[in-house]
Amino acid sequence: QVQLVESGGGLVQAGGSLRLSCAASGNIFSINTMGWYRQAPGKQRELVAAISSGSSTNYADSVKGRFTISRDNAKNTMYLQMNSLKPEDTAVYYCALILNDIPKYWGQGTQVTVSS
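A few points on the structure. (Residues numbered from 1 in each chain as written. Predicted model: local features only at pLDDT ≥ 70, side-chain atom pairs only at ≥ 80, totals over all residues. Heavy atoms only, no water.)

1. Notes on the overall build of the protein chain
Phase 1: Across its full length, the protein chain carries 0 helices and 11 strands.
Phase 2: For a compact globule of 116 residues, the expected C-alpha radius of gyration is about 13 Å, and the protein chain comes in at 13 Å, within 12% of that figure.
Phase 3: Projected onto its principal axes, the C-alpha positions of the protein chain cover 40 × 25 × 20 Å.
Phase 4: For the protein chain, the proportion of its 116 residues judged to be buried stands at 42%.
Phase 5: Contacts spanning at least 24 positions in sequence make up 53% of the contacts within the protein chain whose residues lie at least 6 apart.
Phase 6: Looking at the protein chain as shown, the accessible area adds up to about 6000 Å², and 46% of this sits on carbon and sulfur atoms.
Phase 7: Charged side chains in the protein chain number 10 positive and 7 negative. The centres of these two groups are separated by 2 Å. (Helix = DSSP H or I, 4+ residues; strand = E, 2+ residues; numbered from the N terminus. Rg over C-alpha atoms; globule rule 2.2 N^0.38 Å. Buried < 20%, exposed > 50% of the residue type's maximum accessible area, 1.4 Å probe, protein only. Contact = heavy atoms within 4.5 Å. Areas by Shrake-Rupley, 256 points an atom, 1.4 Å probe, with all protein chains shown as cover. Lys, Arg positive; Asp, Glu negative; His and termini not counted. Charge placed at Lys NZ, Arg CZ, Asp CG, Glu CD.)

Structural data, given as structure tokens:
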């Protein structure tokens, strides 16, 4: 069983930064793609960024150049560095372990609120 626990969310002013962390239990973290998703009120959950086991990355167009995804396999931890935050980045952010291109396991989510 895989458990994912996010941390690092909070309230920040527009233009500020936050760093999210996702700590994973279980022994399959290092061999699988991981991703950060977000869901704003009234909107569908969307993929923000993903990172493969080999650390290849991809980003949603809306966050390119502002967010950076990374992972530390030795610590079973994934990160999302978010810079130049905008009010439209406000959402609950979830980490997920992705199997066969499908998010299989989810964390409980962490709220990010960006004030204007």
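Next, the rest of the story.
2. Notes on the state of the cysteines
Phase 1: Considering all chains together, one arrives at 1 disulfide under this definition.
Phase 2: Here Cys22 engages in a disulfide with Cys95; their sulfurs sit 2.1 Å apart. Residues Cys22 and Cys95 are joined by a disulfide whose S-S torsion is about 60°; by sign, that bridge is right-handed. With Cys22 in strand 3 (residues 18-24) and Cys95 in strand 9 (residues 91-99), the pair connects residues that are 73 residues apart, well separated along the chain. Pair check on accessibility: Cys22 and Cys95 agree, each one buried. (Disulfide = S-S within 2.5 Å.)

3. Thoughts on the pairing of strand 9
Phase 1: Here strand 9 lies mainly inside the structure; 7 of its 9 residues are buried.
Phase 2: The pairing of strand 4 (residues 33-39) with strand 9 spans 7 bridges and is antiparallel. Bridging across to strand 9, Trp36 finds its partner in Cys95.
Phase 3: As paired strands, strand 9 and strand 11 (residues 110-115) are joined by 3 bridges and run antiparallel to one another. Within strand 11, the residue paired with Val92 across the bridge is Gln111.
Phase 4: Counting the residues that bridge the hairpin from strand 9 to strand 10 (residues 102-106) gives 2 residues, and of these Asn100 lies at a positive phi of roughly 50°. (Pairing = 2+ DSSP bridges.)

4. Some points on the sheet that holds strand 8 (residues 77-82)
Phase 1: Read across the open sheet, the 4 strands follow the order 1-3-8-7; overall the sheet is antiparallel. Two strands lie at the open edges of the sheet, namely strand 1 (4-7) and strand 7 (67-72), each paired on one side alone. Each strand of the sheet is rotated relative to its neighbour by a mean of 15°, with strand direction disregarded.
Phase 2: In the sheet, strand 1 pairs with strand 3 via 4 bridges, with the strands oriented antiparallel. Within the sheet, the bridge partner assigned to Ser7 lies in strand 3 and is Ser21. (Axes fitted to C-alpha atoms, helices over the stretch in contact; angles between N-to-C directions.)

5. A short note on unusual backbone geometry
Phase 1: In the Ramachandran plot, Asn76 falls in the positive-phi region, its phi being about 50° despite a non-glycine side chain.
Phase 2: Tracing the chain through its elements places Asn76 in the loop between strand 7 and strand 8.
Phase 3: The backbone of Ser84 shows a phi angle near 50°, a positive value even though the residue is not glycine.
Phase 4: You can see Ser84 is positioned in the loop between strand 8 and strand 9.

6. Concerning the nonpolar core
Phase 1: Trp36, Met78, Leu80, Met82 and Tyr93 are the most contacted members of the largest nonpolar core, which totals 28 residues.
Phase 2: Mapped onto this core, the elements with two or more residues apiece are strand 3, strand 4, strand 5 (46-51), strand 7, strand 8, strand 9 and strand 11.
Phase 3: Apart from the residues lying within four places of it in its own chain, the contact partners of Met82 are Gly16, Ser17, Leu18, Leu20, Arg66, Phe67, Tyr93 and Val112. (Core = buried A, V, L, I, M, F, W, Y, C linked by side-chain atoms within 4.5 Å.)

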